[in-house]
Amino acid sequence: SIPQLLNSSTPQLFSTLTSLSPQAPDSSAPQPHTSSASTSPLLSCSAPHPLSPSAPQTLRPSHPQASQQNRHFIAPSAPQPLSSSAPQLKAMPWAEEFKLQSLLAKTWDNGTTGQQAIDQMRDQLKSGGAWPPDRQSVPEDWEDALLLRFFIGFKKNTEAAATAFAEMLEWRKSNGIDEIREKLLNGLKPEQFPRYEQVRRFYPILKTGKDKNGSPVMITLTGLIDPAKLVKTVTLEEIRLYIIYEMEYKLVTLCQLTAETGIMYRALEIHDLKGLGMHHLAAGPVGMLRKVVSEVSANYVEMAEKVLILNCPFATVVRAVLKQVVPARSQHKLAVMGAIVEYEGTLLEHAEKDQYHECLFGGPAPEGLEDAGDEMDMWPRITVPARDKKTVERACDKGQTLLWNVCPEALDVGVVVQFVGVDGGTTKIFEPAERVAALQRGSFQAPCAGTVYMLLDNTYSYLKQKIVIYNFEVLEKQLLKTESELSESTEF
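Novice: Can you walk me through the overall build of the chain in this structure?
Specialist: Secondary structure assignment for the chain yields 15 helices and 13 strands. For the chain, the proportion of its 492 residues judged to be buried stands at 52%. For the chain, long-range pairs separated by at least 24 residues make up 80% of all intrachain contacts whose partners lie at least 6 apart in sequence. If you sum the accessible surface of the chain, you get close to 22300 Å²; carbon and sulfur atoms cover 52% of it.

Spelled out as structure tokens, the structure:
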């Protein structure tokens, strides 16, 4: 888990922290590539930062007043702060080393230059039929940098990097990711992401400013992530889509900066553990969330420059452990700190105070994360005894659209939703292969008058009753015309 942590960012850090809980591995979970750089939500410590010298460094504070406790985990800061506008190369005396062309000319640990490595990757992709790529997925002015991110992230192994790159291209195609990118390029803002308000309450990710190198500052309030409430507020597919939007937004931001400046940019990732508790170790919700995170994160590589972990319990012990298990060449990428008295100086070395959210300095949490009433608190509840079934129903008229929601308060329950028309016809609306353990929702437009039935099945449980929250909402306004009405409207 430690090498994963040093190579990506947000969802993966949470996944790594929660993976420490005693639970059997889930063989059904999608397995991410074994890259050190999977930029899901964590970082890879096995590969050196692409912008850092390849030789191991002697780690030392970047500021004379830096805390002695942090001396092994603080990376040197840029000597000059940048303006909030796009970074200018002339303002950064260290930029030459970080330029994309310098990285391509550099001879890496495997004996090849960056240019030779990405050329080898192109040849392998071409032989496998994955090259040339769709230019929506790999714009020409992003091409070299994207290939280089995979080369670095997969431990300078061109074969593994090319294989992962091809799988990433196929994943984007099969999941319509380029459509999401198009929305972002056309100005879609994070607050406009699907289910933004619902997800951010229990999975808060903040994008606040830039560090002194011009890299984006991205903050995850990891201690405020509540897996149990999250899977009851939105479906797993909605969580997955939201994380894809967040990761794609980060990738677009970094690639645009790289294309504009010629510098390989990565983000400054901050994870605030304040509020971390036993609820983060709930095996069911955490396991479901980890599946989503693993699948998405495998397709976003080498996007984090530095990971700062704040308010870490037993930070001194954690630092001592990490010093033994994290390679020396990668320790500069990870800083583990305790309370604000320990981390405030480090934050200010990396960026001006107004580039962070005030909650990191003892201020209030972001608006909307405090006490917002749960819509589900108003939904009906039904108890399904052990070895029994219950059915709830809602009538609807022809053409009406019915929205349905169902979520067990704990454990799982079998769910089947179907529509029975007045003519006796039956339509299955929802019948999953597995029992339901998190929120499920859907909609159905009635082709005729009838009733929607929701069957809750607990016959498989010999001892435990299940409390299930559900809700029906009928939209009086017809959302879509029925097929017969569409045909009638086209007749002349």
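Okay, back to it.
Novice: Would you take a moment to explain unusual backbone geometry for this structure?
Specialist: Most peptide bonds take the trans configuration, and most residues that are not glycine carry a negative phi. Note the cis peptide between W131 and P132, where omega equals 5 degrees. Backbone geometry at F314 places phi at a positive 55 degrees, although glycine is not the residue there. Turning to its location among the elements, F314 is positioned in the loop between β4 (304-310) and α13 (315-325). In the Ramachandran plot, L411 falls in the positive-phi region, its phi being about 60 degrees despite a non-glycine side chain. One can find L411 in the loop between β8 (401-408) and β9 (414-421).

Novice: What should I look at first to understand helix α14 (residues 340-350) in this one?
Specialist: Given 3.6 residues to a turn, an α-helix orients residues that are three or four positions apart in the same direction. Of all the residues in α14, the buried ones are E342, Y343, T346, L347, E349 and H350. Down the axis of α14, the sector holding all buried residues measures 155 degrees, keeping them to one side.

Novice: What's the story with the packing of aromatic side chains in this structure? I'm lost.
Specialist: When we look at a pair of aromatic rings, we describe it by the centre distance and by the angle of the planes. Scanning the model with the defined rule gives 12 aromatic pairs in all. Here W171 and Y300 contribute two aromatic rings whose centre-to-centre distance is 6.0 Å and whose plane-to-plane angle is 85 degrees, an arrangement assigned as edge-to-face. Remark: Y300 occurs in the loop between α12 (283-297) and β4 and W171 occurs in helix α7 (residues 158-175); sequence separation between them is 129 residues. When its relative accessible area of 1% is taken as the criterion, Y300 is described as buried. Three or more aromatic residues joined by ring pairs form one cluster here, namely W131, F150, F154 and F165. Over the aromatic face of F361 sits the side chain of K353, whose NZ or CZ is 4.9 Å from the ring centroid.

Novice: Got a minute to help me understand the nonpolar core in this structure?
Specialist: Side chains of nonpolar character tend, in soluble globular proteins, to be buried together. Ranked by internal contacts, the top residues of the largest apolar core, which has 64 residues, are L148, F150, F165, Y203 and Y300. By residue number, the principal contributor to this core is helix α11 (residues 236-261), which donates 11 residues. Setting aside anything within four residues of it in sequence, one finds F150 in contact with M121, A161, A164, F165, M168, N299 and V301.

Novice: Is there a simple way to think about helix α6 (residues 143-153) in this case?
Specialist: For α6, the buried fraction is high: 10 of the 11 residues fall into the buried class. Listing the buried residues of α6 in full gives E143, A145, L146, L147, L148, R149, F150, F151, I152 and G153. Residues of α6 that are buried sit in contact with α4 (100-105), α5 (114-127), α7 and α11. Looking one or two places after α6, you find K155, whose phi comes out positive at around 60 degrees.

Novice: Explain the sheet that holds strand β10 (residues 426-430) to me, please; I cannot follow it from the model alone.
Specialist: For sheets, the rule is that strands pair by backbone hydrogen bonds, running either parallel or antiparallel. An order of β7-β12-β9-β10 is seen for the 4 strands of this open sheet, with the pairing classed as antiparallel. The open sheet has two edge strands, β7 (389-396) and β10, and neither has a second partner. Averaged over all pairs of adjacent strands, the angle between their axes in this sheet comes to 25 degrees, without regard to strand direction. Relative to strand β12 (residues 450-457), β9 runs antiparallel, the two being bridged by 8 bridges. Bridging from a neighbouring strand, V417 pairs with M454 of β12.

Novice: Would you mind going over the pattern of salt bridges with me for this structure?
Specialist: Two side chains with opposite charge may pair up if their charged atoms get near one another. Overall, the coordinates contain 19 salt bridges when judged by the stated rule. The partner of R122 in a salt bridge is E143, with the nearest N and O atoms 2.7 Å apart. In this pair, R122 is assigned in helix α5 and E143 in helix α6, connecting sequence segments 21 residues apart. With a shortest N-O distance of 3.9 Å, K466 and D412 are connected by a salt bridge. Within this pair, whereas K466 is found in strand β13 (residues 466-475), its partner D412 is found in the loop between β8 and β9, the two being separated by 54 residues in sequence.

Novice: What's the story with the packing of α6 against α11 in this structure? I'm lost.
Specialist: Helix-helix packing: each pair is described by the crossing angle between the helix axes and the interaxial distance. Between α6 and α11, the least distance of the axes is 10 Å, while the angle of their chain directions is 120 degrees. Relative to α11, the element α6 lies oblique. Between α6 and α11 lies a crossing of right-handed hand. Contacts between α6 and α11 involve A145, L146 and R149 from the first element and L251, L254, C255 and T258 from the second. A breakdown of the residues in the contact of α6 with α11 according to their chemical character gives 5 nonpolar, 1 polar and 1 charged.

Novice: Before we go on, may I ask you to explain the sheet that holds strand β11 (residues 440-445) in this structure?
Specialist: Reading across the sheet, the 4 strands line up as β6-β13-β8-β11 and stay open at both edges, with antiparallel pairing between neighbours. Among the strands making up the open sheet, the edge pair consists of β6 (381-384) and β11. For this sheet, the mean angle separating the axes of adjacent strands, direction not counted, is 25 degrees. Note: β8 against β11, 6 bridges, orientation antiparallel. Residue pairing across strands places T401 opposite Q445, the latter belonging to β11.

Novice: For this particular structure, what's the right way to read the pairing of β9?
Specialist: For a regular strand, the rule is simple: side chains alternate between the two faces of the sheet. Burial of β9 is extensive: 6 of the 8 residues sit out of reach of the surface. Bridge count for β9 against β10 is 4 bridges, and the pairing is antiparallel. Bridged to V417 within β10 is F430. The antiparallel hairpin formed by β9 and β10 contains 4 residues in its connecting segment, where G424 sits at a positive phi of about 95 degrees.

Calculation rules
All residue numbers refer to positions counted from 1 along the written sequence of the respective chain. Owing to the predicted nature of the model, reporting of local features is limited to residues with pLDDT of at least 70; listing and counting of side-chain atom pairs is limited to 80 or more, with chain, interface and lining totals taken over all residues. Here the side-chain values reflect all heavy atoms present in the structure, with hydrogen atoms and water set aside. In DSSP terms, a helix is any run of H or I states spanning at least four residues, a strand is any run of E spanning at least two, and both are numbered starting from the N terminus. When a residue's accessible area, from a 1.4 Å probe over protein chains only, is under 20% of the maximum for its type it is buried; when over 50% it is exposed; and in between it is partly exposed. Between two residues, a contact is recorded if the distance between any of their heavy atoms is within 4.5 Å. Method for areas: the Shrake-Rupley scheme with a 1.4 Å probe, in which residue coverage is limited to the protein chains shown. This arc is built from the directions going out from the helix axis to the C-beta atoms. Whether two aromatic rings pair depends on their centres lying within 6.5 Å, for rings of Phe, Tyr and Trp, where Trp uses its six-membered ring; planes under 30 degrees apart make the pair stacked, over 60 edge-to-face, and the rest tilted. Here, over-ring charges are defined by two tests on the NZ atom of lysine or the CZ atom of arginine: distance to the ring centre within 6 Å, and angle to the ring normal within 35 degrees. Nonpolar core, defined: a set of buried Ala, Val, Leu, Ile, Met, Phe, Trp, Tyr and Cys residues in which side-chain atoms within 4.5 Å join the residues together. Pairing between strands is defined by DSSP: at least two bridges between them are needed. With axes taken as lines fitted to C-alpha atoms, and helix axes fitted only over the stretch in contact, angles between N-to-C directions fall between 0 and 180 degrees. Salt bridge, as applied in this entry: a Lys or Arg side-chain nitrogen positioned within 4 Å of an Asp or Glu carboxyl oxygen. Small angles under 35 degrees read as roughly parallel and large ones over 145 as roughly antiparallel, with 65 to 115 read as roughly perpendicular and the rest as oblique. Crossing handedness is read from the near helix: turned anticlockwise from the far helix by less than a right angle, it gives a left-handed crossing, and turned clockwise, a right-handed one. Lys, Arg, Asp and Glu make up the charged group, whereas Ala, Val, Leu, Ile, Met, Phe, Trp, Tyr, Cys and Pro make up the nonpolar group; the residues left over, Gly among them, are polar.

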